[in-house]
Amino acid sequence: ALAKCQADGLGFVTVSVVDRNGNVQAMLRGDNAAQHTVEAARQKAYTAAAFGANTSDLSDRAKGDGATVADLPGTLFLAGGVSVKSASGSIAGIGVGGAPDGMRDQACAAAGLGAVAGGAAYGVFYGPAARRLTRPGVPVTGRGWVSGGN
């Protein structure tokens, strides 16, 4: 995700990967990324993981009179978060914060998901965080979603 943003001239973003419960598993902060991007990336990742959908698809749920899902603590209904899924549903989220437009954040997060899914297909994950995000024998589809499996 950070590599995509850097290639697009947006190296001043933060990328956060969280598990289903919102616990940060990995974070990368680009050069000159402002402090607020750290929390924005984490909240976008958690929102995508918790709701099992990309945050750009959820923004309409956050509108309306009175209380909405946007009032839930720790969530951020702005574009820039993508859900990582397996056959059992959402297992993680990737969030990017700091680009001048949320859809550019989301494009970087989606590129990160594609890299994770591609790496899982070829068995190039290492370390405990990678083991939490993927399971042996779980195939990866061409769309970048982790799918199938146990």
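So, here's what we can say about the structure.

About the cut-offs
- Residues numbered from 1 in each chain as written.
- Predicted model: local features only at pLDDT ≥ 70, side-chain atom pairs only at ≥ 80, totals over all residues.
- Heavy atoms only, no water.
- Helix = DSSP H or I, 4+ residues; strand = E, 2+ residues; numbered from the N terminus.
- Buried < 20%, exposed > 50% of the residue type's maximum accessible area, 1.4 Å probe, protein only.
- Polar contact = N/O pair within 3.5 Å; in protein donor to acceptor, adjacent residues only side chain to side chain.
- Pairing = 2+ DSSP bridges.

## Let's talk about unusual backbone geometry
- The backbone phi angle of N32 is positive, close to 65°, even though this residue is not glycine.
- In this fold, N32 is placed in the loop between β2 (24-29) and α2 (36-51).
- Using a relative accessible area of 74% as the deciding quantity, one classes N32 as exposed.

## Description of the environment of D60
- For D60, the position within the fold is in the loop between α3 (55-58) and β3 (81-86).
- Separated by 18 residues in sequence, D60 and L78 place their C-alpha atoms 10.0 Å apart.
- There is a polar contact of 3.3 Å between the side chain of D60 and the side chain of K63.

## Focus on the pairing of strand β1 (residues 14-19)
- Burial runs high along β1: six of the six residues are buried.
- Every second residue of β1 is oriented toward a common face, with T14, S16 and V18 on one face and V15, V17 and D19 on the other, all of them buried.
- With five bridges joining them, β1 and β2 adopt antiparallel strand pairing. By the bridge assignment for β2, T14 is matched with R29.
- Where β1 meets strand β4 (residues 89-97), six bridges bridge the pair, whose relative direction is antiparallel. Looking at β4, one finds that D19 is bridged to A92.

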